[in-house]
Number of protein chains: 2
Amino acid sequence: MTAVRVLTATDIVQLMSHVGVHSFMDALIDRLQVAFAEYSNGRFRVPARDGFHYNAGLVEWMPLMQHDAAVLMKMVGYHPTNPAQRGLPTVVSTLSMFDTRTGQLTAFADGRLLTAMRTGAASAVATRLLSPPDVSSLGLIGCGTQAVTQLHALSRIRNFSKVRFCDTNVAVADTLRERVSCLVDDKVQLMPCEIEEVVERSDVICTATSVDVGGGPVFRTPLNTVCLHVNAVGSDLPGKTELPPEFLRTAVVCPDFRPQAVAEGECQQLSDEEIGPDIMEIAGRLVESRKLCDRLTVFDST
Amino acid sequence: MTAVRVLTATDIVQLMSHVGVHSFMDALIDRLQVAFAEYSNGRFRVPARDGFHYNAGLVEWMPLMQHDAAVLMKMVGYHPTNPAQRGLPTVVSTLSMFDTRTGQLTAFADGRLLTAMRTGAASAVATRLLSPPDVSSLGLIGCGTQAVTQLHALSRIRNFSKVRFCDTNVAVADTLRERVSCLVDDKVQLMPCEIEEVVERSDVICTATSVDVGGGPVFRTPLNTVCLHVNAVGSDLPGKTELPPEFLRTAVVCPDFRPQAVAEGECQQLSDEEIGPDIMEIAGRLVESRKLCDRLTVFDST
């Protein structure tokens with residue numbers, strides 16, 4: 001029998017500190033960009049995810065196949081009462097990898113940290129593709145777990161000098177500085193702000209809130225904004241959206257995976273012809289995509 | 001974090017010999033019958049399986065939810081060149097179990113032996129429900145891996161004195177006696193036969209062949225058979241069937257899971273109204289189902 005590589009959550013943290021968290025994130029961003037480009041060349045098959053939804057939460061499966069290499073199955077649990085009732089995270093996940101030559105399991109890994117870093121890396125790829133190279137101010141709307149890897153990933157591909165942040169839960173906003181201290185340069189200015197200031201004064205924004213279904217948008221459309229890139233990370237359920245529809249309509253909205261974005265992302269608020277090219281298409285056509293950097297752009301990350 | 005119980009293939013063999021292989025099979029048969037009965041009461045959700053099919057084989061996922069308890073994900077690989085080219089089994093599988101209260105992985109197990117025993121147990125449940133209690137002769141068409149657990153499971157619920165068997169590969173048939181020696185009583189007479197004799201002289205038959213797609217049926221409709229129960233185990237791909245359609249039409253055909261049986265089981269050969277009640281319905285209505293024991297019945301196991 002083939003040996004199965006098992007990576008627990010602890011193993012992954014150790015691996016990360018051995019490789020270096022920056023090197024790990026840099027490699028992840030680069031490989032994800034290549035994967036996005038290759039997706040549009042048909043090297044991957046990604047069926048829409050499916051799952052069991054019930055009162056307490058949901059368990060979903062997200063299969064993926066890389067041709068002539070591997071099948072990956074990600075299982076995700078989403079149980080909002082976990083933190084308060086059990087001291088467990090809301091979202092947990094596991095990854096299993098199978099060799100397509102034999103069908104055998106080759107690796108099994110905890111997916112929590114990898115998913116958070118992947119979500120950060122996806123925003124970094126989108127930001128590298130859709131924002132000018134000289135952007136200097138970042139805005140974070142929502143300062144929970146996702147904000148940390150968003151900030152880390154974006155700091156690796158753009159030289160932000162100012163980071164404005166806000167959260168409806170002040171206690172969460174208060175601890176952000178501490179949580180990102182080893183991930184961003186000391187010279188970066190981290191400033192808690194009102195949401196209006198975050199929106200008006202940032203070149204790039206990440207929204208990663210836990211707004212309720214039907215509770216959006218989380219900010220009002222800014223006036224006089226012509227060049228801004230937004231990574232909309234938070235919407236991940238039918239009815240849950242973060243951005244104002246009129247803002248979306250003035251922007252080029254690029255979903256990560258269109259059928260999913262239409263079902264549970266910001267694209268829920270748009271008609272079919274209002275949705276822009278997906279990020280895979282943009283990654284596959286770098287030259288043509290460069291002109292989008294001077295526009296208002298949204299990466300609809302689901 | 002919750003501890004994850006990991007059961008390798010070796011662990012499962014050890015567990016089995018600790019519990020006793022007969023006790024294990026007996027418990028499995030009983031619990032499976034209860035699960036079938038509960039399925040018709042809506043306690044389980046079983047979406048149709050899905051997967052990646054490619055040149056070398058396929059990897060499929062088979063999710064299941066037991067309400068207020070667990071989500072189970074079975075991943076199955078089917079790669080026909082494994083034995084000859086790599087000394088690996090054609091079919092491999094893994095099982096992962098998640099707690100529906102938290103979404104967390106609670107157990108992970110190799111699925112090979114468990115699947116083989118489960119397939120045997122399913123035929124035993126069907127045979128217990130659909131054949132008279134006093135049947136005494138069993139026929140095995142196809143003597144590969146599945147035949148072993150079919151014979152073992154059926155021997156636990158009926159008192160067979162004669163077992164007739166055949167295989168198109170004589171070498172495989174020759175080793176059957178050896179492979180089942182510790183699973184059936186010494187007094188059971190195991191007789192290699194021509195397929196016609198197996199069909200004509202058995203009260204219960206299991207077909208578990210590796211007939212090619214389009215290569216069926218594997219036997220001709222017997223004459224003068226009024227009471228016979230067949231467990232059709234081998235058909236598991238579109239186009240792959242083992243039983244003659246005219247035989248199926250004279251029988252009450254009970255699929256394990258109708259949408260799947262219609263896609264890849266014997267039910268492929270039947271129109272909708274020619275298909276009988278599924279095994280879950282029969283398990284849920286024991287009294288009404290008893291009269292089927294005097295009929296020609298087929299369990300379409302997919």
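Residues numbered from 1 in each chain as written. Chains lettered and ligands numbered in written order. Predicted model: local features only at pLDDT ≥ 70, side-chain atom pairs only at ≥ 80, totals over all residues. Heavy atoms only, no water.

### Notes on the relation of the copies chain A and chain B
So the rule is basically this: Here the copies are matched by least squares. The fit uses the C-alpha atoms of residues with pLDDT of at least 70 in both. Throughout, a residue-residue contact means that at least one pair of heavy atoms, one from each residue, lies within 4.5 Å.
For the pair chain A and chain B, the best superposition has an RMSD of 0.0 Å and corresponds to a rotation of 180° with a translation of 0.0 Å parallel to the axis. Each copy turns onto its partner about a two-fold axis. Closest approach to the rotation axis among the C-alpha atoms of chain A is made by Trp61(A), whose C-alpha sits 4.5 Å away. Both copies present the same face, since 100% of the interface residues in chain A are matched by interface residues at the equivalent positions in chain B.

### Details of the interface of chain A and chain B
We apply this condition: Note on definitions: buried area is the accessible-area loss of two parts on being combined, 1.4 Å probe, summed for both. One speaks of a salt bridge when a side-chain nitrogen belonging to Lys or Arg is within 4 Å of a carboxyl oxygen belonging to Asp or Glu. As used in this structure description, the phrase polar contact means that two N or O atoms lie within 3.5 Å; if the pair is within protein, one of them must be able to donate a hydrogen and the other to accept it, and residues adjacent in sequence are counted only when both atoms belong to side chains. A run of DSSP states H or I qualifies as a helix once it reaches four residues; a run of E qualifies as a strand once it reaches two. Both are numbered from the N-terminal end. Residue classes follow a fixed rule: Ala, Val, Leu, Ile, Met, Phe, Trp, Tyr, Cys and Pro count as nonpolar, while Asp, Glu, Lys and Arg count as charged, and any other residue, Gly among them, counts as polar.
Across the boundary between the two partners, chain A contributes 31 residues, which contact 31 residues of chain B. Interface area for chain A against chain B, summed over the two sides, is near 2,900 Å², with a carbon-plus-sulfur share of 75%. Linking chain A with chain B are zero salt bridges. Applying the counting rule to chain A against chain B returns twelve residue pairs in polar contact (both at pLDDT 80 or more). For the side of chain A that touches chain B, the elements supplying multiple residues, two or more each, are strand 3 (50–54), strand 4 (57–66), strand 5 (70–78), helix 3 (82–86), strand 6 (91–99) and strand 7 (105–110) of chain A. The dominant element in the side of chain A that touches chain B, judged by the number of residues it contributes, is strand 4 of chain A, at five residues. Grouping the amino acids of the side of chain A that touches chain B by side-chain chemistry returns 18 nonpolar, nine polar and four charged.

### Here's the deal with unusual backbone geometry
The phi angle of most residues is negative, glycine excepted, and most peptide bonds adopt the trans form. All names here are of chain A. The omega torsion across Gly216 and Pro217 is 0°, close enough to zero to call that bond cis. Turning to its location among the elements, Pro217 is positioned in the loop between strand 11 (204–207) and strand 12 (228–232). In the Ramachandran plot, Asp68 falls in the positive-phi region, its phi being about 60° despite a non-glycine side chain. Tracing the chain through its elements places Asp68 in the loop between strand 4 and strand 5.

### Description of the sheet that holds strand 10 (residues 189–192) of chain A
Residues and elements named next belong to chain A. To keep things clear, this is the line we draw: A pair of strands is treated as paired once DSSP finds two or more bridges between them. A fitted line through C-alpha atoms represents every axis, and for helices the fit uses only the stretch in contact; the resulting angles, taken between N-to-C directions, go from 0 to 180 degrees.
Spatial ordering of the open sheet is given by 10-9-8-11-12-14-13, a layout of seven strands whose pairing is parallel. The two strands at the open ends of the sheet, each matched to only one other strand, are strand 10 and strand 13 (252–255). Strand-to-strand, the axes of this sheet are offset by a mean angle of 15°, without reference to chain direction. Pairing of strand 12 with strand 14 (residues 296–300), which is carried by five bridges, proceeds in the parallel orientation. What sits directly across from Asn231, in strand 14, is Phe299. Along the sheet face, helix 4 (residues 112–130) touches strand 11, strand 12, strand 13 and strand 14 and points at about 160° away from the line of strand 12. Contacting strand 8 (137–141), strand 9 (162–166), strand 10, strand 11 and strand 12, helix 5 (residues 145–157) runs over the sheet at an angle of about 165° to strand 8.

### Side note on the packing of helix 2 (residues 21–40) of chain A against helix 4 of chain A
When two helices pack together, their arrangement is captured by the angle between the axes and the distance separating the axes. All names here are of chain A. Here is the rule we go by: Throughout, a crossing is termed right-handed when the near helix is turned clockwise from the far one, and left-handed when it is turned anticlockwise from it by less than a right angle.
Where helix 2 meets helix 4, the axes come as close as 9 Å, and the angle between the chain directions of the two elements is 60°. At the point where helix 2 passes helix 4, the crossing takes the right-handed sense. Packed against helix 2, whose contacting residues are Val21, Phe24, Met25, Leu28, Ile29, Asp30, Leu32, Gln33 and Phe36, the element helix 4 presents Leu114, Met117, Arg118, Ala121, Ala122, Ala124, Val125, Arg128 and Leu129 at the interface.

### Let's talk about the side chain of Asp110(A)
Residues and elements named next belong to chain A. The condition is simple: Summary of the burial criterion: residues with accessible area below 20% of their type's maximum are buried, those above 50% are exposed, and those between are partly exposed, where the area comes from a 1.4 Å probe applied to protein chains only. Here Asp and Glu are counted as negative and Lys and Arg as positive; His is not counted, and neither are the chain ends.
By the element assignment, Asp110 lies in strand 7. Although Asp110 is buried, it forms no salt bridge, and the closest oppositely charged side chain is Arg112 at an N-O distance of 6.0 Å. From its side chain, Asp110 meets the backbone nitrogen of Arg112 in a polar contact 3.1 Å long.

### A word on the packing of aromatic side chains
Residue and element names in this part refer to chain B. Short version of the rule: Between 30 and 60 degrees the pair is tilted, below 30 it is stacked and above 60 it is edge-to-face, where a pair is any two Phe, Tyr or Trp rings, Trp via its six-membered ring, whose centres lie within 6.5 Å.
For the structure shown, the criterion picks out seven aromatic pairs over all chains. With a centroid separation of 5.1 Å and 65° between ring planes, the pair formed by Phe52 and Trp61 is classed as edge-to-face. Trp61 shares its class with Phe52; the two are buried. Look at Phe219 and Phe247: their rings are 5.7 Å apart centre to centre, the planes differ by 80°, and that puts the pair in the edge-to-face class. One end of the pair, Phe219, is in the loop between strand 11 (204–207) and strand 12 (228–232); the other, Phe247, is in helix 8 (residues 245–250), and 28 residues separate them in sequence. Classification of Phe219 by relative accessible area gives buried; the value is 5%.

### Focus on the environment of Ala27(B)
Within the fold, Ala27(B) resides in helix 2 (residues 21–39). Taking the C-alpha atoms as reference points, Ala27(B) and Asp272(B), separated by 245 residues in sequence, lie 34 Å from one another.

### Considering the state of the cysteines
Note the threshold: The rule for a disulfide is simple: a pair of cysteine sulfur atoms within 2.5 Å.
On inspection of all chains with the given rule, the structure shows zero disulfides over all chains. Counting only cysteine sulfurs, Cys166(B) is the nearest neighbor of Cys143(B), a cysteine outside any disulfide, at a range of 6.3 Å.

### A closer look at the environment of Leu88(B)
With respect to the secondary-structure elements, Leu88(B) resides in the loop between helix 3 (82–86) and strand 6 (91–99). Here the alpha-carbon distance between Leu88(B) and Leu243(B), two residues 155 residues apart in the chain, equals 29 Å. Setting aside its immediate chain neighbours within four residues, Leu88(B) contacts Thr102(A), Gln104(A), Asn82(B) and Pro83(B).

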